[in-house]
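Below are the chains, spelled out letter by letter.
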Number of protein chains: 2
Amino acid sequence: MTEQLTVQQMAERLLAADNILILCHKNPDGDTLGCGGALYYALRALDRTAGVLCSDPIPPQYAYLNLHLYKGEFEPSLVVAVDVAGIQLFGENNRVPEFARHVDLCIDHHAGNNGYAEYTLLDAGAAATAELLCEVIEAMGVALTPHIADCLYTGLATDTGCFKFSSTTARTHRVAAKLVEAGAHLEELNTLLFDNKSPERMEAERIARNHLEYYLDGRCALIYLTRDEIAATRVDPADLEELTSLPISIAGVKVGLTLRQQPGGSYRISVRTAKGVDACAIARRLGGGGHGRAAGCELLGNLENAKSAILAEVEAELNAREEG
Amino acid sequence: MTEQLTVQQMAERLLAADNILILCHKNPDGDTLGCGGALYYALRALDRTAGVLCSDPIPPQYAYLNLHLYKGEFEPSLVVAVDVAGIQLFGENNRVPEFARHVDLCIDHHAGNNGYAEYTLLDAGAAATAELLCEVIEAMGVALTPHIADCLYTGLATDTGCFKFSSTTARTHRVAAKLVEAGAHLEELNTLLFDNKSPERMEAERIARNHLEYYLDGRCALIYLTRDEIAATRVDPADLEELTSLPISIAGVKVGLTLRQQPGGSYRISVRTAKGVDACAIARRLGGGGHGRAAGCELLGNLENAKSAILAEVEAELNAREEG
Ligand SMILES: [Mn+2]
Ligand SMILES: [Mn+2]
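Computed from a prediction, not measured in an experiment: that's the story for all the values here.

Rules used throughout
- Residues numbered from 1 in each chain as written.
- Chains lettered and ligands numbered in written order.
- Predicted model: local features only at pLDDT ≥ 70, side-chain atom pairs only at ≥ 80, totals over all residues.
- Heavy atoms only, no water.
- Helix = DSSP H or I, 4+ residues; strand = E, 2+ residues; numbered from the N terminus.
- Rg over C-alpha atoms; globule rule 2.2 N^0.38 Å.
- Contact = heavy atoms within 4.5 Å.
- Areas by Shrake-Rupley, 256 points an atom, 1.4 Å probe, with all protein chains shown as cover.
- Lys, Arg positive; Asp, Glu negative; His and termini not counted.
- Charge placed at Lys NZ, Arg CZ, Asp CG, Glu CD.
- Pairing = 2+ DSSP bridges.
- pLDDT = per-residue confidence, 0-100.
- Buried area = accessible area lost by both parts, 1.4 Å probe.
- Salt bridge = Lys/Arg side-chain N within 4 Å of Asp/Glu carboxyl O.
- Polar contact = N/O pair within 3.5 Å; in protein donor to acceptor, adjacent residues only side chain to side chain.
- Disulfide = S-S within 2.5 Å.
- Buried < 20%, exposed > 50% of the residue type's maximum accessible area, 1.4 Å probe, protein only.
- Phe/Tyr/Trp six-rings, centres within 6.5 Å; stacked < 30°, edge-to-face > 60°.
- Lys NZ or Arg CZ within 6 Å of the ring centre and 35° of its normal.
- Donors = N, O, S within 2.8 Å, 3.2 Å for Na, K, Ca; no water.
- Arc of directions from axis to C-beta.
- UniProt positions renumbered as here; feature names shortened; annotations may be inferred.
- Least-squares fit on C-alpha atoms with pLDDT ≥ 70 in both.
- Core = buried A, V, L, I, M, F, W, Y, C linked by side-chain atoms within 4.5 Å.
- Domains from an automatic or database assignment.

K.L.:
Now, about the overall build of chain A: what can you tell me, with residues and values included?
P.N.:
Helix and strand counts for chain A stand at eleven helices and twelve strands. Expected size for 324 residues packed as a compact globule is a radius of gyration near 20 Å; at 21 Å, chain A falls within 12% of this value. Seen along its three principal axes, the alpha-carbon backbone of chain A occupies a region of about 60 × 45 × 40 Å. Sequence separation of 24 or more characterises 66% of the internal contacts of chain A that already satisfy a separation of 6 or more. Summed over all atoms, the accessible surface of chain A reaches about 13,000 Å², with 50% contributed by carbon and sulfur. The positive charge centre, built from 28 side chains, and the negative charge centre, built from 44, are 4 Å apart in chain A.

So this is what it looks like as structure tokens:
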């Protein structure tokens, strides 16, 4: 249904257009926003009219991207989605549904991209869409300015946990080197992106760590936060996302679980696994899903019930693995 | 007193030698040990006899480096120090002082290297000695095997906090790309090096976070651990080093302080600062020292006295900075 493009073909389609609307995904992260900024400033360098649109507000820590948000000031003749894996991820606000009905171009790195756009540049081997977009911008003949480099570095660094995640490749590091040479403000960006935790988030993490529990001979570690605890800290729930990597960072732990109670009372469970343990298999049995090393599900009922249910599936998966 | 060598000259001196003893620094870190392993296996590839020597035991998490420790099986005709900034850092055990009396070659990246070796390759712009040693090994004409790449990646990743510290440059990323291409096991290494925290360390961190205090309108954050708390967790004190980066990672914090009570009762204070605040100036006024963004000092007396003393200097430095 979608036609796959090469980097060169994507660059040519962008060069042929004007009045370009760039769509980011909802609950925007550093990759979708960094790509939005990088593509916008690359198009501006070519004197094209462009704008960035996102269904949700831009988190304040990304203010430095200096995104030019689309306010209806031109009639889009080309719609480009960056880092958006599926149509359901565009969101419902800011006139986004109106433009998401027909997406001309899509640049993405999600293996599960469902081909909603007319033309797609998909590279699931890229650690971030920014890694891929860097090549597109070069193919467009645009010089990487320090600001474009900052935007792309933001995507690269946030999607890889600062080059720590297993998605990081030699190409990721080579692109990072190129961005630093182009003037990316590595020191300031790393501080802003990784050493900038709010006191509210610190307080929530303190409580979660006080709730750390080990199960199955230390092969499973679990933390949790109730909705009352979350409310009391006044933390932005988006800031709790990173906590999900905490239990799996402990020596000997094969399955790390993070239980966050939702406003409605149910428990959202994030499952993170060591290499060789299938997180998705665990979550799927409880009606959830995800990837091999990171998955999730949501369970009704109280904390003790949620714990028992997920721990039973963790045990089954660990046992199956040992027998297999 | 020492003669500075280029990468090429260092490679030539290594190629001309046999029976080579490689010295690491005491309290060994990933960089000194990774370099020890990389240089050993590069020399072995050239059929040279070599061995690695360190005054302290090799921490178990570095077992995969498979260091060939020198046991007196040959008479060293060349002594090479890797990542050792000064003679006082060699340590006193394992016959190290005997060999450290005359060091032929030194490869290092510490700006403060005091030139104790006969010939030195010093590049303070390298984020890790491993970054520099990679060039030396290539100049020696040795192909980077996956294991040599693992050793060098260990040095690069540990000295840069996985490419997060401000010492990271375009060259650092370019060397990382080369090591991954050479077969470095990036996923396994990052898990081993960064997601492998002992339960004892987690418990110590939990306690330290329960002691988190803010001062000076949130511009200073402080954590502490008493010797009784440290003893009760049975944590390896070396594992507490990383905690010193915790207070400075909070939004708005300009000075992060970590107080660890020593077995003798005194408080060792680690000072970490945001860009533009001089950590060394703060520590120096209390008899300590260090670098611009990371420094330390040790204070006698009880916790309250140690806190008051350091907070007074932090306030003085922050005020001086605002006036300056
Ligand atoms: Mn992405
Ligand atoms: Mn070093």
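K.L.:
Got a sec to walk through the sheet that holds strand β12 (residues 294-299) of chain A? Specific residues and values, please.
P.N.:
Residues and elements named next belong to chain A. Read from one edge of the open sheet, six strands run β7-β8-β9-β10-β12-β11, paired in mixed fashion. With one partner strand each, in any of the chains shown, β7 (213-215) and β11 (289-290) form the two edges of the open sheet. The sheet contact formed by β11 and β12 spans two bridges and is antiparallel. Within β12, the position partnered with G290 by the bridge is A295.

K.L.:
Got a sec to walk through the confidence of the model for chain A? Specific residues and values, please.
P.N.:
Chain-level statistics for chain A give a pLDDT mean of 96 and a share of 99% at 70 or above. Among the scores for the predicted complex, ipTM is 0.93 and pTM is 0.93.

K.L.:
Lay out the interface of chain B and chain A in plain terms, naming residues and giving numbers.
P.N.:
Taken together, the contacts link 39 residues of chain B with 39 residues of chain A. Between chain B and chain A, roughly 3,400 Å² of surface is buried when both sides are summed, and carbon and sulfur atoms account for 55% of that area. Together, B:K164, B:H173 and B:R209 form the three largest contributors to the area buried by chain B at its contact with chain A, with a combined 18%. Counting across the interface, chain B meets chain A through twelve salt bridges. With a closest N to O distance of 2.2 Å, A:R174 and B:E181 form a salt bridge. One can count 24 residue pairs in polar contact (both at pLDDT 80 or more) joining chain B with chain A.

K.L.:
Report on the state of the cysteines, specifying residues and quantitative values.
P.N.:
Disulfides are covalent bonds that link the sulfur atoms of two cysteine residues. All names here are of chain A. Scanning the model with the defined rule gives zero disulfides over all chains in all. Considering cysteine sulfurs only, C35 is the nearest to C106, which forms no disulfide, with 11 Å between them. You can call C106 buried: its relative accessible area is 0%. Among the cysteines around C134, which has no disulfide bond, C35 carries the closest sulfur, lying 10.0 Å off.

K.L.:
Which residues make up the packing of aromatic side chains, and what values go with them?
P.N.:
One pass over the structure, following the stated rule, counts eleven aromatic pairs over all chains. For the pair A:F163 and B:F163, a centre-to-centre distance of 6.3 Å together with 80° between the ring planes defines the contact as edge-to-face. Remark: B:F163 occurs in the loop between α5 (146-159) and α6 (170-181) and A:F163 occurs in the loop between α5 (146-159) and α6 (170-181); the pair is interchain, linking two chains. What makes B:F163 buried here is its relative accessible area of 0%. With a centroid separation of 4.8 Å and an interplanar angle of 85°, the aromatic rings of B:Y40 and B:Y41 are classed as edge-to-face. Using a relative accessible area of 8% as the deciding quantity, one classes B:Y40 as buried. Taken together, A:Y153, A:F163, B:Y153 and B:F163 form an aromatic cluster joined through their ring pairs. For the cation-ring pair, A:R13 lies above A:Y119, with the distance from its terminal atom to the ring centre recorded as 3.8 Å.

K.L.:
Let's hear about the coordination of the manganese ion (ligand 2): which residues, and what values?
P.N.:
Residue and element names in this part refer to chain B. Each protein donor to the manganese ion (ligand 2) is listed here as D31 (OD), D83 (OD), H109 (NE2) and D159 (OD); together their distances run 2.1 to 2.3 Å. Site description for the manganese ion (ligand 2): donor spacing in sequence, D-x51-D-x25-H-x49-D. You can see D83 sitting in the loop between β4 (78-82) and α3 (96-100) and its partner D159 sitting in helix α5, a full 76 residues away along the chain. For the residue pair D83 and D159, the accessibility class agrees, reading buried in each case.

K.L.:
Report on helix α1 (residues 7-15) of chain A, specifying residues and quantitative values.
P.N.:
Residue and element names in this part refer to chain A. For α1, every residue scored as buried is listed here: M10, A11 and L14. Viewed end-on, α1 has its buried residues packed into an arc of 100°, placing them on one side of the element. Elements that come into contact with the buried residues of α1 comprise β2 (20-23), α2 (30-45), β4 (78-82), β5 (105-108), β6 (119-122) and α4 (129-139).

K.L.:
Can you break down unusual backbone geometry residue by residue, with the values?
P.N.:
Residue and element names in this part refer to chain B. Even without glycine at this site, N27 takes up a positive phi of about 40°. Mapped onto the fold, N27 is located in the loop between β2 (20-23) and α2 (30-45). Judged by its relative accessible area of 60%, N27 is exposed.

K.L.:
Pulling in residues and values, what's your account of the UniProt feature "domain: DHHA1" (unreviewed entry) in chain A?
P.N.:
Per the UniProt record, "domain: DHHA1" (unreviewed entry) is annotated on residues 234-318 of chain A. In residues 234-318 of chain A, helix accounts for 26% and strand for 26%; the two terminal C-alpha atoms are 36 Å from one another.

K.L.:
Go over the relation of the copies chain B and chain A with me, naming the residues and quoting the values.
P.N.:
In this structure, two copies of a chain are linked by a rotation about an axis accompanied by a shift along it. For the pair chain B and chain A, the relating rotation is 180°, the translation along its axis is 0.0 Å, and the fit reaches an RMSD of 0.0 Å. Taken together, the rotation and translation describe the operation of a two-fold axis. Most of the interface of chain B is mirrored in chain A, where 100% of its interface residues again form contacts.

K.L.:
Any chance you could break down the environment of A:L53 for me, citing the residues and the numbers?
P.N.:
All names here are of chain A. Inspection of the secondary structure puts L53 in strand β3 (residues 50-53). The spacing of L53 and L33 is 20 residues in sequence and 9.6 Å in space, taken between C-alpha atoms. In contact with L53, other than residues within four places in its own chain, are L21, I22, L23, C24, Y70, N94, V96 and F99.

K.L.:
I'd like to hear about the nonpolar core, residue by residue, with values.
P.N.:
Ranked by size, the top nonpolar core spans 120 residues in total, and within it A:L14, A:L152, A:L179, B:L14, B:L152 and B:L179 carry the most contacts. Ignoring sequence-local partners within four residues, the contact set of B:L179 consists of B:C134, B:L144, B:A149, B:L152, B:Y153, B:L156 and B:A184.

K.L.:
Requested: an account of the side chain of B:K197, with residues and values cited.
P.N.:
Here B:K197 lies in the loop between α7 (186-194) and α8 (199-210). Buried and unpaired, B:K197 has no salt bridge, with B:E242 as the nearest side chain of opposite charge at 4.5 Å. With near-sequence residues (within four places) excluded, B:K197 lies in contact with A:S249, A:I250, A:A251, B:M202 and B:E242.

K.L.:
Before we move on, could you go through the domain arrangement of chain A and cite the residues and values that matter?
P.N.:
Accessible area lost during the coming together of the parts is what is often quoted as the interface size. Assigned domains within chain A: domain 1 (3-194) and domain 2 (199-323). Inter-centroid distance (C-alpha atoms) of domain 1 of chain A to domain 2 of chain A is 31 Å.

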